[in-house]
Amino acid sequence: MVLSDHTIKEELASGRIVVDPLGEDSVQPASVDVHLDRKLRVFRNSRRPYIDLREDMTDLTEVVEIADEVPFILHPGEFVLASTYENIELPVDLVARLEGKSSLGRIGLLIHSTAGYVDPGWKGHLTLELSNVANLPITLYFRMKIGQLSYLRLSTPADNPYGSPGLGSKYQGQTEPTASRAYQDVSLRRP
């Protein structure tokens, strides 16, 4: 069941859902708006000939910051990592879905390619996968509305929420856009 604004407000007031800071007009009929933080990870394609999932590829990106009133220009076909301005925390009996804002999607800005699911027990800033599929550059501003979170209640609380020992949760507690840690996956380790 998707939580309504009424239930979202109750969960926020009790501290079970954390969205910090919570913007004054952020609670929508069945979601909470999230905003773009200042730091972005920009890909530098000249640093490596290809992406090897077994290797730490952190050096493939570099962090740039959006100034207060100067936008970052996302060019057509460009892909960058960003993060939410808000710290997000979920209890063990809720999951969240991160979706783009309709107004941004209508101009060709996609905010996630595959990572729109937020596990129960999550704590941290969400990394966004921003892509410009339009034919013109798009301006990105610090603290602009970038997406929305909807919340769904689980049938029972999760036995092993995100961050539990043994799960291999790679991104718990992140505070800025985080490069892929796929190289830590057991399935990719060399025999």
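Here, the structure is the one placed above.
Conventions adopted
Residues numbered from 1 in each chain as written. Predicted model: local features only at pLDDT ≥ 70, side-chain atom pairs only at ≥ 80, totals over all residues. Heavy atoms only, no water. Core = buried A, V, L, I, M, F, W, Y, C linked by side-chain atoms within 4.5 Å. Buried < 20%, exposed > 50% of the residue type's maximum accessible area, 1.4 Å probe, protein only. Contact = heavy atoms within 4.5 Å. 1 Å grid on protein atoms, 1.4 Å probe; cavity = no way out; pocket = protein on both sides within 12 Å on 5 of 7 lines; lining within 4 Å. Points joined across faces, edges and corners; volume = space filled by probe spheres on them. Nonpolar A, V, L, I, M, F, W, Y, C, P; charged D, E, K, R; others polar. Salt bridge = Lys/Arg side-chain N within 4 Å of Asp/Glu carboxyl O. Helix = DSSP H or I, 4+ residues; strand = E, 2+ residues; numbered from the N terminus. Pairing = 2+ DSSP bridges. Polar contact = N/O pair within 3.5 Å; in protein donor to acceptor, adjacent residues only side chain to side chain. Phe/Tyr/Trp six-rings, centres within 6.5 Å; stacked < 30°, edge-to-face > 60°. Lys NZ or Arg CZ within 6 Å of the ring centre and 35° of its normal.

Trainee: Sorry, what's going on with the nonpolar core here?
Mentor: For soluble globular proteins, the rule of thumb is that nonpolar side chains tend to be buried together. Judged by nonpolar contacts, the single largest core of 37 residues is most densely connected at Leu36, Phe72, Leu130, Leu140, Ile146, Leu149 and Tyr151. If near-sequence neighbours (up to four positions away) are discounted, leucine 130 is found in contact with Leu36, Leu74, Glu78, Phe79, Val80, Ala82, Leu110, Ile111, Leu140 and Ile146.

Trainee: Honestly, the layout of surface pockets in this entry has me stumped. Any pointers?
Mentor: In this approach the atoms are scanned with a rolling probe the size of a water molecule, which exposes any empty space left behind. Volume-wise, the largest pocket comes out at about 660 Å³. Every residue lining the largest pocket is counted, 28 residues in all, and those nearest its centre are Ala115, Thr127, Glu129, Tyr171 and Thr178. When grouped by side-chain class, the residues that make up the lining of the largest pocket number 17 nonpolar, seven polar and four charged.

Trainee: Just checking my understanding: could you explain the pattern of salt bridges for this structure?
Mentor: Any two side chains of opposite charge can pair if their charged atoms end up close together. For the coordinates displayed, the defined rule picks out 13 salt bridges. Note that aspartate 93 and arginine 153 form a salt bridge whose closest N and O atoms lie 3.7 Å from each other. Placement of the pair is aspartate 93 in the loop between strand E7 (87–89) and strand E8 (94–100) and arginine 153 in strand E14 (residues 145–153), with a sequence separation of 60 residues. What makes arginine 153 partly exposed here is its relative accessible area of 32%. Salt bridges linked by common partners bring Glu11, Arg16, Asp93 and Arg153 together as one network.

Trainee: Help me understand the sheet that holds E8, please; the structure alone is not making it clear to me.
Mentor: Sheets are built from strands paired through backbone hydrogen bonds, the pairs being either parallel or antiparallel. With respect to topology, four strands assemble into an open sheet ordered E2-E14-E8-E10, the strand pairing being antiparallel. Of all strands in the sheet, those with a lone pairing partner are strand E2 (32–35) and strand E10 (117–118), marking the two edges. Pairing analysis gives four bridges linking E2 to E14, with the strands arranged antiparallel. Within the sheet, the bridge partner assigned to valine 34 lies in E14 and is glycine 147.

Trainee: Can you help me understand the environment of glutamine 174 in this one?
Mentor: Looking at the secondary structure, you find glutamine 174 in the segment after E14. Overall, glutamine 174 belongs to the buried group, its relative accessible area being 9%. Spatially, the C-alpha atom of glutamine 174 lies 5.1 Å from that of glycine 124, the residues being 50 residues apart in sequence. Contacts of glutamine 174, omitting those with residues within four sequence positions, involve Trp122, Lys123, Gly124, His125, Leu126 and Thr127. A polar atom in the side chain of glutamine 174 sits 2.9 Å from the side chain of threonine 127. One polar contact links glutamine 174 to threonine 178, side chain to side chain, over a distance of 2.9 Å.

Trainee: What is the right way to read the sheet that holds strand E4 (residues 61–65) from this model?
Mentor: Ordered in space as E4-E3-E6-E12-E9, the five strands form an open sheet in which the pairing is antiparallel. Looking at which strands have only one partner, the edges of the open sheet turn out to be E4 and strand E9 (109–110).

Trainee: Sorry if this is basic, but what is going on with the pairing of E14 here?
Mentor: Every other side chain in a regular strand lies on the same face of the sheet, so the side chains alternate between the two faces. Sheet topology note: the E8/E14 ladder contains seven bridges and is antiparallel. Its bridge partner being in E14, glutamate 99 is matched across the sheet by glutamine 148.

Trainee: Whenever I open this one, the packing of aromatic side chains confuses me. Can you help?
Mentor: Aromatic rings considered in pairs are described by the distance between their centres and by the relative angle of their planes. One pass over the full model with this rule turns up three aromatic pairs. On the basis of an interplanar angle of 80° and a centroid distance of 5.7 Å, the ring pair of tyrosine 85 and phenylalanine 142 is categorised as edge-to-face. Here phenylalanine 142 lies in the loop between strand E13 (138–140) and E14 and tyrosine 85 lies in the loop between strand E6 (79–83) and E7, a separation of 57 residues in the sequence. Seen in terms of ring centroids, tryptophan 122 and tyrosine 162 are 5.4 Å apart; in terms of plane orientation they differ by 50°. Their pairing is tilted. Of this pair, tryptophan 122 sits in the loop between E10 and strand E11 (123–124) while tyrosine 162 sits in the segment after E14, placing them 40 residues apart in sequence. On the accessibility criterion, tryptophan 122 (7% relative accessible area) is buried. Seen from the ring of phenylalanine 142, arginine 38 lies directly overhead, with NZ or CZ sitting 3.9 Å from the centre.

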